[in-house]
Amino acid sequence: MGFIWFWLVAVMLVAYVLFDGFDLGVGILHPFLARREEERQLMLRAIGPVWDGNEVWLLASGGTLYFAFPLLYASAFSGFYLALMIVLWLLIMRGASIELRMQMEIGVWRSFFDGLFFISSALLAIFFGAALANVIRGVPLNEDGYFFLPLWTNWRVGPEPGILDWYSVLGGVVAFVALAVHGALYLAVKTEDALQQRARVFARWAWGVLAALTVISLPASIIVRGDTLVNYKSYPVTFVVPLMVVLSLVCICRFSRHGGDRMAFASSCIYLSAMLVGAAIGLYPRLLPSSGDAARDITIPKALSGPHTLHVGLAWWALGMLLALTYFVIVYRMFRGKVSLDSGGYGH
Amino acid sequence: MTALLLHRIHFAFTVTYHYLFPQLTMGLALLIVALKTVALRRNDQRYNEAARFWARIFAINFMIGVVTGIPMEFQFGTNWSQFSRWSGGVIGQPLAMEGVFSFFLESAFLGLFLFGEKRLSPRAHWASAFMVFLGSWISGFFIIVTNAWMQHPVAYRVLPNGVYEVTSFWGLLTNPWALLQYAHNMSGAVITGSFVMCSVGAFYLLEDRFPEHGKVFLRVGVIAGLISCVTQIFPTGDLHGRYMARHQPAAVAAMEGLFSSQRGAGIVLIGQPNEEKQTIDNPLAVNDVLSFLIYGTTKAEVQGLDRFPRDQWPEPLPLLFYSYHIMAGLGTYFVLLMAIAAFLLWRGKLFQTRWVLWPLMLSFPLPYIANTAGWMTAEIGRQPWIIYGVMRTSEGYSKYVSAGNGLFTLLGFMGMYTVLSILFIVLIYRIMEKGPLPGELGHAGKHASLTFA
């Protein structure tokens, strides 16, 4: 049961990164790719009907984590208190900026919310990357299974780390670039003409940075946590996942050079999934490792809910996911194709 | 301030602010479905225009409801980690189900409802409105199930490692407390929706702008308002109160300000609880009524606070007493106002009767106050327990999050919500100013927003 729920939560988080990842990426690129008001509107319209649903994956995975692994939820959420609160504020600002921008026909108003949209999207990408890096690095768990991390200490990966240290900042930068590329590839699919050209050019240029960062992040992870490779060594078949990372990176590059926008976006999805799954394999069966004594690691058996909870959960979870996927298919089909500026509704 | 008090204020502030928005959207969602239904049945364009106008108001409220709702789910872990650690296997379940069954539904169909009117057939557009209504009401249900378990824990056991587990999933979902509370709460949301709709309608009539739409708003608002105001008291409030008297007698004693047990207990309409002397100052009371309301006979004995040890009294007690009395007092006023309005509507005189239009226009803040006071009654009444009779609130908060960090984020939320409130008021004012424009696109269409709102 623990194995199943570990991977179900992982799958939901991957879905979150793939879906909300591209609209975070669009937010990061918003001030750079759009030059005119119409282009800014087009970029927002490309994510307008779907961003809110994409974000639901975060809530749904949070809830699932809560009931499947209550100890992890309690420990991690209170331990990363400050970072999580900042994430909440960023989510509020981002949601507000997307929705409020078009409410007024005042240039300053729109520019302000454009700026807020960019800043909140960029910082969210960085924080999510840093969060994953924190989980990989481990935290100073006490005997109760709790910890409390300040935002930063001395930027070193020592026994008293902060939420931000050199490794988690690296994780944040990787996420920032990866989601920017993901967003650019999405825009290349959804837009036309100059905007599409700029998105393609950006993706090609940023691809090199992403490849370099990916190559750096792997040895960095091994330096920070020597035991990252234990699972890989005992199950060599899992090396397929890092291989997928490399292959998908190559595919992103090839497809985007030859105008295969959809395939390039699909490759980016595979890249992000493989990166996350790769981290999950390194982690398993730990959920939140201790940076000190390994006996304090929060592991699956320690944090797992009772058996009846999990059995019933499996039934409704499967049904709920089926429904959710159905809605996603409906919505993405309704709004498929290139975005344009003529209104589909009655002026909301 | 102690860390415990800060964490309590942190949750209370963020949830109180949050619930200002869902109570309207849940109520409006039903009323929008009603408007769309009439539009479809009678092919009356005024009703479609009215639905579009309210969809704009809905969208802004929904957006703020969403962004202020995310912190609620997170705070169980950030500020109440001890509580979450032990009870997550039970209450994490309805919270996760809310995300999986409701938020996906709502977000998908709200997109279709707001963007898709031209792409969808009228029936399909009606269906998208209905799905938004369904999603928001399912969401409310799962939240009430969560809260009801904290109020009245059922269908669980404690595992050897101290973790709580659901023993009957069905039992959790059909907790009698949850069903009663849900009925009472949703009826309260419809009251808010109706009063806001009536208020805008009365404003347009008194101002003589968009009078045709104003009449539509009033007609739908008054009918829904009368029904929901009556069901709020009977049967939902009545049944919920009696059930509460059986399972949380200390809370009911404190709500009513009943310090000592009495046969033929009277009901205090107004007064100030004096905890030191254990009396009500300046009471205005009616004999025997409380016994009758709870037990159906004027002779029955009602347990007072003297039956409970001091460390099981809800606190802050005066706030509980006032919350309950404000809720009940406003609820009575709502029935009176809506009964008069409905009578005049039936006689065809409402639209000319200015002395009723004025209170209808001015009363829109009151349901917000009543709903908030009702929730304060429920939540303070549950104290000093976080899970009634099982876990104390003082055992539930995050021990390792200091008061300083709690205050930092509380101030952050206060600042952010102040800004949100100002933006909200400006935008609602603009929507009211533009009004429900007749015709295909009106001038709202020229600058149509590209996103939700």
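Residues numbered from 1 in each chain as written. Chains lettered and ligands numbered in written order. Predicted model: local features only at pLDDT ≥ 70, side-chain atom pairs only at ≥ 80, totals over all residues. Heavy atoms only, no water.

Trainee: Explain the overall build of chain A to me, please; I cannot follow it from the model alone.
Mentor: Counting secondary structure elements, chain A contains 13 helices and two strands. In terms of C-alpha radius of gyration, chain A reaches 20 Å, essentially the compact-globule figure of 20 Å for 348 residues. Overall, the C-alpha framework of chain A stretches about 60 × 40 × 40 Å when taken along its three principal axes. Looking at chain A as a whole, 63% of its 348 residues are labelled buried. Considering only residue pairs separated by 6 or more positions, chain A has 76% of its internal contacts joining residues 24 or more positions apart. For chain A, the accessible area works out to roughly 13100 Å², and carbon and sulfur atoms hold 72% of it. Positive and negative side-chain charges of chain A, numbering 24 and 21 respectively, have mean locations separated by a distance of 8 Å. (Helix = DSSP H or I, 4+ residues; strand = E, 2+ residues; numbered from the N terminus. Rg over C-alpha atoms; globule rule 2.2 N^0.38 Å. Buried < 20%, exposed > 50% of the residue type's maximum accessible area, 1.4 Å probe, protein only. Contact = heavy atoms within 4.5 Å. Areas by Shrake-Rupley, 256 points an atom, 1.4 Å probe, with all protein chains shown as cover. Lys, Arg positive; Asp, Glu negative; His and termini not counted. Charge placed at Lys NZ, Arg CZ, Asp CG, Glu CD.)

Trainee: Would you mind showing me how to read helix α12 (residues 354–362) of chain B here?
Mentor: Along an α-helix, a turn takes 3.6 residues, which lines up residues three or four apart on a common side. All names here are of chain B. Burial in α12 covers these residues: Val356, Leu357, Leu360 and Met361. Projection of α12 onto a plane perpendicular to its axis shows the buried side chains occupying an angular sector of 135 degrees, all on one side. In α12, the exposed positions angled more than 90 degrees off the buried face are occupied by Trp355 and Leu362. Packing partners of the buried residues in α12 comprise α7 (176–207), α8 (211–247) and α11 (317–346). (Arc of directions from axis to C-beta.)

Trainee: What am I meant to see in the interface of chain A and chain B here?
Mentor: Frequently, the measure chosen for interface size is the accessible area that the parts lose on association. Facing 77 residues of chain A, the contacting portion of chain B comprises 84 residues. Summed over both sides, the interface between chain A and chain B buries roughly 7600 Å², with carbon and sulfur atoms accounting for 71% of that surface. Here chain A is connected to chain B by one salt bridge. Looking at the side of chain A that touches chain B, the elements with two or more residues in it are α2 (37–47), α3 (51–68), α4 (70–79), α5 (81–100), α6 (107–137) and α13 (307–334) of chain A. (Buried area = accessible area lost by both parts, 1.4 Å probe. Salt bridge = Lys/Arg side-chain N within 4 Å of Asp/Glu carboxyl O.)

Trainee: Got a minute to help me understand a nonpolar patch on the surface in this structure?
Mentor: All names here are of chain B. Together, Met1, Leu5, Ile9, Leu407, Leu411 and Met414 give the surface a local cluster of nonpolar side chains, amounting to about 520 Å² of exposed area. Every element with two or more residues in the nonpolar patch is listed here: α1 (3–19) and α14 (403–434). Per element, the largest residue contribution to the nonpolar patch is three residues, and it comes from α14. With respect to the element layout, Met414 can be found in helix α14. A relative accessible area of 31% places Met414 in the partly exposed class. (Patch = residues over 30% accessible without salt bridge, like charges linked within 9 Å, V, L, I, M, F, W, Y side chains within 5 Å.)

Trainee: Please clarify how the side chain of B:Glu73 should be interpreted in this entry.
Mentor: Along the chain, the position of B:Glu73 falls in helix α3 (residues 45–78). In this structure, B:Glu73 is in contact with A:Leu59, A:Gly62, A:Gly63 and A:Tyr73, ignoring residues within four places of it in sequence.

Trainee: Is there a simple way to explain the nonpolar core in this structure?
Mentor: General note: in soluble globular proteins, nonpolar side chains tend to be found buried as a group. Grouped together as the largest cluster of nonpolar side chains are 256 residues, with contacts concentrated most on A:Phe69, A:Trp316, B:Trp54 and B:Phe83. Excluding its chain neighbours within four sequence positions, the residues that come into contact with B:Trp54 are B:Leu28, B:Ile32, B:Leu35, B:Val196, B:Met197, B:Val200 and B:Phe217. (Core = buried A, V, L, I, M, F, W, Y, C linked by side-chain atoms within 4.5 Å.)

Trainee: Looking at this structure, I do not really get the packing of aromatic side chains. What am I missing?
Mentor: Any aromatic ring pair is given by two values, namely how distant the centres are and how the planes are angled relative to each other. Residue and element names in this part refer to chain B. Applying the stated criterion across every chain yields a total of 66 aromatic pairs over all chains. For the pair Tyr19 and Trp375, a centre-to-centre distance of 6.3 Å together with 70 degrees between the ring planes defines the contact as edge-to-face. Placement of the pair is Tyr19 in helix α1 and Trp375 in helix α13 (residues 365–382), with a sequence separation of 356 residues. Take Tyr19: its relative accessible area is 14%, and that puts it in the buried class. Geometrically, the ring pair formed by Phe321 and Tyr322 is edge-to-face, given 5.7 Å between the ring centres and 75 degrees between the ring planes. Directly above the ring of Trp313 sits Arg310, whose terminal nitrogen or CZ lies 4.3 Å from the centroid. The ring of Trp385 is capped by Arg392, whose NZ or CZ atom sits 4.7 Å from the centre of that ring. (Phe/Tyr/Trp six-rings, centres within 6.5 Å; stacked < 30°, edge-to-face > 60°. Lys NZ or Arg CZ within 6 Å of the ring centre and 35° of its normal.)

Trainee: Any chance you could explain the packing of α3(B) against helix α4 (residues 81–115) of chain B here in plain terms?
Mentor: Describing two packed helices takes the angle between their axes plus the distance from one axis to the other. Residue and element names in this part refer to chain B. Between α3 and α4, the least distance of the axes is 11 Å, while the angle of their chain directions is 160 degrees. The orientation of α3 relative to α4 falls into the category roughly antiparallel. Seen along the crossing, α3 lies across α4 with a hand that is left-handed. Between α3 and α4, the residues in contact are Ala55, Phe58, Ala59, Phe62, Phe76 and Gly77 and Ser81, Phe83, Ser84, Ile91, Leu95, Glu106, Leu110, Phe113 and Leu114, respectively. (Axes fitted to C-alpha atoms, helices over the stretch in contact; angles between N-to-C directions. Parallel < 35°, antiparallel > 145°, perpendicular 65-115°, else oblique. Left-handed = near helix turned anticlockwise from the far one by under 90°.)

Trainee: Would you mind going over the pattern of salt bridges with me for this structure?
Mentor: When charged atoms on two side chains of opposite charge get close, those side chains can pair. Residue and element names in this part refer to chain A. Following the criterion strictly, the structure yields 28 salt bridges over all chains and no others. Across the salt bridge formed by Arg40 and Glu37, the nearest N and O atoms sit 3.8 Å from each other. Here Arg40 and its partner Glu37 are both found in helix α2, three residues apart, which amounts to about one turn of the helix. Of the charged contacts in the structure, one is a salt bridge between Arg110 and Glu37, with a shortest N-O distance of 3.0 Å. Of this pair, Arg110 sits in helix α6 while Glu37 sits in helix α2, and the two are 73 residues apart along the sequence. Three or more residues are tied together by salt bridges with common partners; here these are Glu37, Arg40, Arg101, Arg110 and Asp114.

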